[in-house]
Amino acid sequence: MKLYYDPITVNCRKVVAGLDLVGAGYEDELLSYFGGDHKKPEFRQVNPNAELPALVDGDLVLWESNAILVYGAEKTGNRTAYPADAKIRADIARWMLWECSKWFDGCYVYLVQNVVNPILDSTPDQAVLDAHEPVFRGLASILEAGLEGREWLCADNPTIADIAVAAPMHLHAVQKLPLDDYPNIRGWIARVEGLPCWQNSDPVPHIPAELLAKLA
Ligand SMILES: N[C@@H](CCC(=O)N[C@@H](CS)C(=O)NCC(=O)O)C(=O)O
């Protein structure tokens, strides 16, 4: 399998960590997000959405990070990170769909304002953050309730759903996500951050030093 990715982006961090969790190996095809490689015609042949990541395995050309995680788990047959039980699978599908339809956007506003804007020499727009905060809090309350009394979202162990839902908040400290009111989320993200697959996919070493300095 060949994975097209830039390790610094949210959805690429998701697949790098998730494919590691399920034990799926692949060949690296590294692209530069800030360099705009994903918008070039040759990559659009792979993903017409011009978005990272994408995976090619023989005649299968796959985009959508959560589909890539399901495929990796099916390919390796990892029944711990992707249990066979129908109800657990439905729950995993639910959280992964919630992530890409709601939670990603809920967290992305903070990533753009507090991480991407400073990198691009623009200042965070507090009015945008203030207007968005109720949306974030509504979504965070749903995740907080989903984690009540549980260590992991869908099973007694981490599954691909935990990796998918953690990804949009992967830089939560520099994103400045307002997590003070959500102890279950804080405890859970700390557990995710303790996973070897999460530590192995740390994007920070891949961020050029001159860009990192702008976040200090
Ligand atoms: N739903 C897609 C979203 C992919 C996506 O938005 N990727 C971002 C990087 S995290 C991207 O490449 N965006 C294109 C751009 O900003 O021009 C997935 O989960 O794979």
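Details of the structure are given in the entry above.
Residues numbered from 1 in each chain as written. Predicted model: local features only at pLDDT ≥ 70, side-chain atom pairs only at ≥ 80, totals over all residues. Heavy atoms only, no water.

Peer 1: What am I meant to see in the site of the ligand here?
Peer 2: Neighbouring the ligand are T9, V10, N11, Y33, H38, K39, A50, E51, L52, P53, E64 and S65. Contact between the ligand and N11: an oxygen atom at 3.5 Å from a side-chain N or O atom of the residue. Within the side chain of S65, a nitrogen or oxygen atom sits 2.6 Å from an oxygen atom of the ligand. Relative to its unbound accessible area of 510 Å², the ligand is 81% covered by the protein chains. Of the residues in the shell around the ligand, the class split is five nonpolar, four polar and three charged. (Near = heavy atom within 4 Å. Polar contact = N/O pair within 3.5 Å; in protein donor to acceptor, adjacent residues only side chain to side chain. Areas by Shrake-Rupley, 256 points an atom, 1.4 Å probe, with all protein chains shown as cover. Nonpolar A, V, L, I, M, F, W, Y, C, P; charged D, E, K, R; others polar.)

Peer 1: Hey, could you run me through the environment of V115 in this one?
Peer 2: Within the element layout of this structure, V115 appears in helix 4 (residues 86–119). As a C-alpha pair, V115 and L215 span 100 residues in sequence and 6.7 Å in three-dimensional space. (Helix = DSSP H or I, 4+ residues; strand = E, 2+ residues; numbered from the N terminus.)

Peer 1: Can you walk me through the nonpolar core in this structure?
Peer 2: For soluble globular proteins, the rule of thumb is that nonpolar side chains tend to be buried together. Ranked by internal contacts, the top residues of the largest apolar core, which has 56 residues, are W103, F136, L143, M169, I185 and W188. In terms of residue count, the dominant contributor to this core is helix 4 (seven residues). In terms of domain composition, this core takes at least three residues from each of domain 1 (2–76) and domain 2 (86–200). In this structure, V10, F104, L111 and L211 belong to the second largest nonpolar core, which totals ten residues. (Core = buried A, V, L, I, M, F, W, Y, C linked by side-chain atoms within 4.5 Å. Buried < 20%, exposed > 50% of the residue type's maximum accessible area, 1.4 Å probe, protein only. Domains from an automatic or database assignment.)

Peer 1: So what exactly am I meant to see when it comes to the pairing of strand 4 (residues 60–63) here?
Peer 2: Within a regular strand, side chains alternate between the sheet's two faces. Alignment of strand 3 (residues 54–57) against strand 4, held across four bridges, turns out to be antiparallel. Each bridged residue has a counterpart across the sheet, and for V56 the counterpart in strand 4 is V61. Linkage of strand 3 to strand 4, two consecutive antiparallel strands, is achieved through a turn of two residues, within which G58 is found at a positive phi near 60 degrees. (Pairing = 2+ DSSP bridges.)

Peer 1: Is there a simple way to explain helix 5 (residues 126–146) in this structure?
Peer 2: The end-to-end C-alpha separation of helix 5 is 29 Å, in line with the 30 Å expected for 21 residues at 1.5 Å each. Taking the largest bend as the criterion, helix 5 deviates by roughly 40 degrees, centred on H132, and proline P134 comes between one and four positions later. Here helix 5 has its buried residues at L129, H132, F136, L139, A140, L143 and E144. Summarising the contacts, the buried residues of helix 5 are in contact with helix 4, helix 6 (160–166) and helix 8 (183–193). (Expected span 1.5 Å × (residues − 1). Bend = angle between axes of the 7 residues up to and from the residue. Contact = heavy atoms within 4.5 Å.)

Peer 1: Sorry, what's going on with the pairing of strand 3 here?
Peer 2: Sheet topology note: the strand 1 (residues 2–5)/strand 3 ladder contains three bridges and is antiparallel. Pairing of L3 across the sheet is with L55, part of strand 3.

Peer 1: Got a minute to help me understand the sheet that holds strand 3 in this structure?
Peer 2: Backbone-to-backbone hydrogen bonds pair the strands of a sheet. The strands run either parallel or antiparallel. Ordered in space as 2-1-3-4, the four strands form an open sheet in which the pairing is mixed. For this open sheet the edge positions go to strand 2 (27–30) and strand 4, each flanked by a neighbour on one side alone. Ignoring strand direction, the axes of neighbouring strands in this sheet form an average angle of 20 degrees. Lying on the sheet, helix 3 (residues 65–76) is in contact with strand 3 and strand 4; it crosses strand 4 at an angle near 130 degrees. (Axes fitted to C-alpha atoms, helices over the stretch in contact; angles between N-to-C directions.)

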